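One letter stands for each residue in the lines below.
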There are 4 protein chains.
Amino acid sequence: MRAYEIVAPDGIDALKLTDRPSPEPGHGELRVRVHATSINYRDLMIVSDPVARGIPYPRIPNSDGAGEVIAVGPGVDRFKPGDRVCGCFFQRWVDGDVTPEGMASALGGAIDGVLAEEVVLREDGVVSIPDHLSYEQAATLPCAALTAWHALVPKGRLKAGDTVLLLGTGGVSIFALQFATMHGARAIVTSSSDDKLARARAMGAWQTINYRETPAWDARVRDLTDGKGVDHVVEVGGAGTLEKSIASTRVAGHIALIGVLTGGTVNPVAIMRNSLTVHGIYVGNRRMFEAMNRAITTAKLEPVIDTTVPFAEAPAAYHRMRAAGHFGKIVIAMDR
Amino acid sequence: MRAYEIVAPDGIDALKLTDRPSPEPGHGELRVRVHATSINYRDLMIVSDPVARGIPYPRIPNSDGAGEVIAVGPGVDRFKPGDRVCGCFFQRWVDGDVTPEGMASALGGAIDGVLAEEVVLREDGVVSIPDHLSYEQAATLPCAALTAWHALVPKGRLKAGDTVLLLGTGGVSIFALQFATMHGARAIVTSSSDDKLARARAMGAWQTINYRETPAWDARVRDLTDGKGVDHVVEVGGAGTLEKSIASTRVAGHIALIGVLTGGTVNPVAIMRNSLTVHGIYVGNRRMFEAMNRAITTAKLEPVIDTTVPFAEAPAAYHRMRAAGHFGKIVIAMDR
Amino acid sequence: MRAYEIVAPDGIDALKLTDRPSPEPGHGELRVRVHATSINYRDLMIVSDPVARGIPYPRIPNSDGAGEVIAVGPGVDRFKPGDRVCGCFFQRWVDGDVTPEGMASALGGAIDGVLAEEVVLREDGVVSIPDHLSYEQAATLPCAALTAWHALVPKGRLKAGDTVLLLGTGGVSIFALQFATMHGARAIVTSSSDDKLARARAMGAWQTINYRETPAWDARVRDLTDGKGVDHVVEVGGAGTLEKSIASTRVAGHIALIGVLTGGTVNPVAIMRNSLTVHGIYVGNRRMFEAMNRAITTAKLEPVIDTTVPFAEAPAAYHRMRAAGHFGKIVIAMDR
Amino acid sequence: MRAYEIVAPDGIDALKLTDRPSPEPGHGELRVRVHATSINYRDLMIVSDPVARGIPYPRIPNSDGAGEVIAVGPGVDRFKPGDRVCGCFFQRWVDGDVTPEGMASALGGAIDGVLAEEVVLREDGVVSIPDHLSYEQAATLPCAALTAWHALVPKGRLKAGDTVLLLGTGGVSIFALQFATMHGARAIVTSSSDDKLARARAMGAWQTINYRETPAWDARVRDLTDGKGVDHVVEVGGAGTLEKSIASTRVAGHIALIGVLTGGTVNPVAIMRNSLTVHGIYVGNRRMFEAMNRAITTAKLEPVIDTTVPFAEAPAAYHRMRAAGHFGKIVIAMDR
């Protein structure tokens, strides 16, 4: 079976398409024929510079995949051949708080990922795909959607009437917009593109801010919220957004600190003075994924796919993400 | 100003329409011209048998009122004449858990209620009315809506994809249906009336069960939930429903135990064996009311009013409730 | 290897001492040489009437055992031969809320238990024994101690200064007394024996009540708490205690509903009126067990052992429990 | 009555001892004869540079006072003359999350403080003093003790067996040490003084680290915790400690971010990668204070007083704090 491998620290175009033997599922494991995978900024960073991220190679990249169970190892009782499944980002984080063991089981990082025709996953590390979703759609869920869900629902305890600030229109932010709307909350979305903001409004965003036109977007957020600030921020911003995010948050509000985009530094005094809660969010566990899928099923949520590229042209997906012009998720589909 | 008073233990038709001097607001108090009041089963029970409920009389009944601030006492800074407000069921429960002091401040019970042309309320004991609601609509919120909100949101941590069992189509259940739908959850509603069930479906109920036709409605609930049971029950049922409610709940699920309707007894073993959480819910505090109003505003929720009767015919409202044919709330409007 | 089996519905004296082949650990499993087991009221009930509890036989009883790992199956990486371990009551409940799958993995109930010289356990279903504890002491932990911990700590969020009502001096109650004291809380203990009450006071109980001398012990509890009632009840009582437990609890207080002793019925109105939270508690998960063991280690807690009987005389342990004269745990030690 | 006032931006020695008329309690207010006040770093900062903190003057400094009720205004029913009380740091934060209104009611900041012979406080803004405490001891509680309690108990959900990292031996840290010990947790204390560390150990600290001798104290903390890191950090450190505090915390651990000492900046990536929860803690509400006092009463906790200076020499207290040689609290006692 074919797979892409990181084989050198030379970035996207050094990804090597190789042929590997079909993997055998061990005890409690499944062999899954991958139908689609989606990429996240984290995957781009790993592919671009595996050394900086401490990733040994050869390594198959990507955490997010969806496919069909085609064989099961001994002791498997949760799934059978023919089942449609998504792999969990963390193969060994089923429930409760994350542990070091769970963190050491990230697909496409600590262990081989899913940019391959076939993968072996733990039966404890996959979930069923909602019936109304295609494999391409399902492949968008494991990292970006679950991160947004974890941030807003189990950690944020989002409720109807809350106000949520979303930075940009990448995968996490767009899912967060959908989850916020689904819960009756009001989302404020920022972007530098009026076109993207129009799309966000069409999806239900309550207010939008072009941060290029309104560099003091934190002041604008406060204006929109009667001077109080938002209840939640899903902070996926690059260097420098965190200070403004904090300034956009109400007293005793909540900031979900997400992702590898977040750089820069923050002065902790504002966190203290305003009695904020900051949660570091790193994807989520399988139970959260299952709960999210029930919500997705109930709402018949359709993930927003920016682009689908064929497996043979997988590197184009990373280039598309690097160009940062996308809205929603970038998917790589198998050539079947 | 005119007011109804309980003056004897003789029930609805003994309510006496009297004339009282206009009340003076003291420090931190407001005088409110009542525009509408709604009734709850608890009000019916108090009017019907004040002695059994330990209510001294003369006593003005009813907890739920909406009106306009017409005067403020010294020290008031949260409201001014002309503001549209609802009174809080508990005049002295602003935030956090309820206390004995809070419990001793229930309108229309421990202290005089709102079935009057004018009332004096604490400024800490009222909330602003959402702009899109009339006084009649706003008068439905203080007890029934807040009870449903408290049960599902702060206590139940309701989230999208959850399943909620609602018993009957009284005020609390209909608000719970609206709040469940608002959060992307799926509601199962029971009733003995197919007509009411049709109305519930039109409002977004996911499934309905005629409990007269399906006496083993708990088994039906389990069938509808793949054998698992629901995540939440809003238990407002009369004698005998609690056992079936417990049997309808998933392992580690949540039962909100509400209200004066709940009689009968329960065998605690099932609660233990299934690791259930049971919350006794007795209306809610002012912060919850404010949060609920933000949700109502965001969703432009319209309370379901069954009937509006004029102040002069207030006893008819209680008779309507006693007949138990209503769907949603029964409102008494001032004759203006 | 020798093991006791339930082979007939005839009670304690029908337990049969048999010889079974030494069990082989499969993938992810450990073979453990049992050094000690303790019994719980649930074990007595199962042995006494397996049919009523739905237990098929032959079945090895008892959930609580401590021993030494003597062999490991393939794929094991958390333990190695020589490690001292306790089995978890639920072999498949590692973290988070209990699930139906977890509930179907109870030792000595759904699956064979530990009243045997050797057992095979899942590596995910055991925990390390605190260094300062003997096997006999460790064998008291899996059901009774973890139940008390789960009730008071993760569910009850016990804190210093809280008041806890404990019914009787069985295993759960005595551990609850130790955990309450460990957290700076005040425990009120009831018993019909002044001698047992004296022992409870010696262990740190703040107040004690002889419920035979003071049948209205709920009134006494309120007196002791300035009329307010306790913050927590660990309700392990037999028929009829629950009503008084509810009457002993403060407004917005917490009742942990435990165990097979709890019979009778309860009128739910008092739960609602007083805004109580009732948690059904059914032992706990492995992460709770690990956290509890850290607490036990920090405090150098010594479990209270009432009696230790040799393996050859195991039935005597059940008779001792049935006689209800014990204080703390009854242990069966291997004859080594 | 005499009071100290900030009358100029010139620091400690510009504090002016003045004579003011005895204040009259209004509706719901108490006049309190102050017996003792304690100082916090925040008070030192305000006195040292009121302009930078936005404090208008003349302003009576200090948030923490204890005294006796000597008169009550109309509408008061919670206290009476002769009652021993402490004022709450925030006069208008009774329960639940802090609000902007609550934040605008800080004694010795937004409003006049307690460095005076008499003060008027809201009856909703005071608590009873535990019987076993003197006024001097009680005066240490409102800011430092409540901050430590809020950080560890309601926010941190501290439990027995947890490990807590405490930075230095100022007021908050020493109370945190006492509360950690009270709950059966293990405290690691840092200081640059071996003498102070010896005192911390005598009070129950589990481990101590001289950060001057061990500049890489985060590595030492990890060594002490089997490489895992602590469960909680009470982060009161000056510039630069936060990065090391984060590095000292276990995966999914908790950092309470406290106080005006915290300067510098932090890279948020580590918070995200390790799934940390960071709570900004700004003293606490009255219900927390009441719960803390129950714990203090139960444990017969004795606050650690470094120095007591007489009212006439109040400036010496601030000089003592600025010198940073203290261990525990610095108290100013009335000259009676």
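Residues numbered from 1 in each chain as written. Chains lettered and ligands numbered in written order. Predicted model: local features only at pLDDT ≥ 70, side-chain atom pairs only at ≥ 80, totals over all residues. Heavy atoms only, no water.

## A few points about the relation of the copies chain A and chain D
Right, on to step 1. Mapping chain A onto chain D leaves a residual RMSD of 0.0 Å; the transformation is a rotation of 180° accompanied by 0.0 Å of translation along its axis. Both copies of the chain, as the preceding transformation shows, are related through a two-fold rotation axis.
Right, on to step 2. Both copies share a contact surface, since 100% of the interface residues of chain A are interface residues in chain D too. (Least-squares fit on C-alpha atoms with pLDDT ≥ 70 in both. Contact = heavy atoms within 4.5 Å.)

## A closer look at the pairing of strand E3 (residues 29-39) of chain C
All names here are of chain C.
Right, on to step 1. Of all 11 residues that make up E3, nine are buried, and the element is covered over most of its length.
Right, on to step 2. Examined bridge by bridge, E3 and strand E6 (residues 118-122) share five bridges and lie antiparallel to one another. By the bridge assignment for E6, Leu-30 is matched with Leu-121.
Right, on to step 3. With eight bridges connecting them, E3 and strand E4 (residues 64-72) associate as antiparallel partners. Each residue of the ladder has a partner; that of Val-34, found in E4, is Gly-67.
Right, on to step 4. Pairing of E3 with strand E15 (residues 329-333) involves four bridges; the strand directions are antiparallel. Opposite Thr-37, over in E15, you have Ile-332 as the bridge partner. (Buried < 20%, exposed > 50% of the residue type's maximum accessible area, 1.4 Å probe, protein only. Helix = DSSP H or I, 4+ residues; strand = E, 2+ residues; numbered from the N terminus. Pairing = 2+ DSSP bridges.)

## Structural notes on unusual backbone geometry
Right, on to step 1. Note the cis peptide between B:Tyr57 and B:Pro58, where omega equals 5°.
Right, on to step 2. With respect to the helices, strands and loops of the structure, B:Pro58 is situated in the loop between helix H1 (41-48) and strand E4 (64-72).
Right, on to step 3. Of note in the backbone geometry, C:Lys300 takes a positive phi value of approximately 50° without being a glycine.
Right, on to step 4. Along the polypeptide, C:Lys300 turns up in the loop between helix H10 (286-299) and strand E14 (305-310).
Right, on to step 5. The phi torsion at D:Ala252 lies on the positive side, around 65°, for a residue other than glycine.
Right, on to step 6. As for its placement among the helices and strands, D:Ala252 is situated in strand E12 (residues 249-258).
Right, on to step 7. Classification of D:Ala252 as buried rests on a relative accessible area of 14%.

## Quick notes on the nonpolar core
Right, on to step 1. Membership of the largest hydrophobic core comes to 155 residues, with the highest contact counts inside it found for A:Trp149, A:Phe179, D:Trp149 and D:Phe179.
Right, on to step 2. Apart from residues no more than four positions distant in its own chain, A:Phe179 is found in contact with A:Ala145, A:Ala148, A:Trp149, A:Leu158, A:Met292, A:Ile296 and A:Leu301.
Right, on to step 3. Within the second largest apolar cluster, 154 residues are counted, among which are B:Trp93, B:Tyr135, C:Leu167 and C:Ile258. (Core = buried A, V, L, I, M, F, W, Y, C linked by side-chain atoms within 4.5 Å.)

## Here's the deal with the interface of chain B and chain C
Right, on to step 1. Taken residue by residue, the interface counts 34 residues in chain B and 34 residues in chain C.
Right, on to step 2. Note on chain B versus chain C: buried area summed over both sides is about 2,600 Å², and carbon and sulfur give 63% of it.
Right, on to step 3. Of all residues in chain B, the largest losses of buried area upon contact with chain C belong to B:Pro268, B:Met272 and B:Arg273, amounting jointly to 23% of the total for that side.
Right, on to step 4. The tally of links between chain B and chain C comes to zero salt bridges.
Right, on to step 5. Linking chain B with chain C are five residue pairs in polar contact (both at pLDDT 80 or more), by the criterion used here.
Right, on to step 6. Within the residue set of the side of chain B that touches chain C, elements represented by two or more residues are helix H2 (100-103), strand E12 (249-258), helix H9 (269-273) and strand E13 (277-281) of chain B.
Right, on to step 7. For the side of chain B that touches chain C, the element with the most residues is E13(B), which contributes five residues. (Buried area = accessible area lost by both parts, 1.4 Å probe. Salt bridge = Lys/Arg side-chain N within 4 Å of Asp/Glu carboxyl O. Polar contact = N/O pair within 3.5 Å; in protein donor to acceptor, adjacent residues only side chain to side chain.)

## Description of the side chain of B:Lys196
Residue and element names in this part refer to chain B.
Right, on to step 1. Secondary-structure assignment places Lys-196 in helix H6 (residues 194-202).
Right, on to step 2. Buried and unpaired, Lys-196 has Asp-306 as its nearest opposite-charge partner, separated by 7.0 Å.
Right, on to step 3. Looking at Lys-196, its side chain comes within polar contact range of the main-chain oxygen of His-326, at 3.1 Å.
Right, on to step 4. Residue contacts for Lys-196: discarding those within four places in its chain leaves Thr-169, Ser-191, Ala-324, Gly-325, His-326 and Phe-327. (Lys, Arg positive; Asp, Glu negative; His and termini not counted.)

## A closer look at the sheet that holds strand E11 (residues 230-235) of chain C
Right, on to step 1. In space, the 12 strands of this open sheet follow the order E10(B)-E9(B)-E8(B)-E11(B)-E12(B)-E13(B)-E13(C)-E12(C)-E11(C)-E8(C)-E9(C)-E10(C), with mixed pairing throughout. Each edge of the open sheet carries a strand with a single partner, namely strand E10 (207-210) of chain B together with strand E10 (207-210) of chain C. Put simply, the sheet's adjacent strands are angled 15° from each other on average, direction ignored.
Right, on to step 2. Note that strand E11 (residues 230-235) of chain B and E12(B) share five bridges and pair parallel. What sits directly across from B:Glu235, in E12(B), is B:Leu257.
Right, on to step 3. Each of strand E8 (163-167), strand E9 (186-191), E10, E11 and E12 of chain B touches helix H7 (residues 217-224) of chain B; the most contacted strand, E10(B), lies at about 160° to it. (Axes fitted to C-alpha atoms, helices over the stretch in contact; angles between N-to-C directions.)

## With respect to the interface of chain A and chain D
Right, on to step 1. At the junction of the two partners, chain A supplies 34 residues and chain D supplies 34 residues.
Right, on to step 2. Between chain A and chain D, the buried area comes to about 2,600 Å², and carbon and sulfur atoms account for 63% of it.
Right, on to step 3. Taken together, the links from chain A to chain D amount to five residue pairs in polar contact (both at pLDDT 80 or more).
Right, on to step 4. Of all the secondary-structure elements, those providing two or more residues to the side of chain A that touches chain D are helix H2 (100-103), strand E12 (249-258), helix H9 (269-273) and strand E13 (277-281) of chain A.
Right, on to step 5. Among the elements that line the side of chain A that touches chain D, the one with the most residues is E13(A), at five residues.
Right, on to step 6. Of the residues belonging to the side of chain A that touches chain D, the class tally is 18 nonpolar, 12 polar and four charged. (Nonpolar A, V, L, I, M, F, W, Y, C, P; charged D, E, K, R; others polar.)

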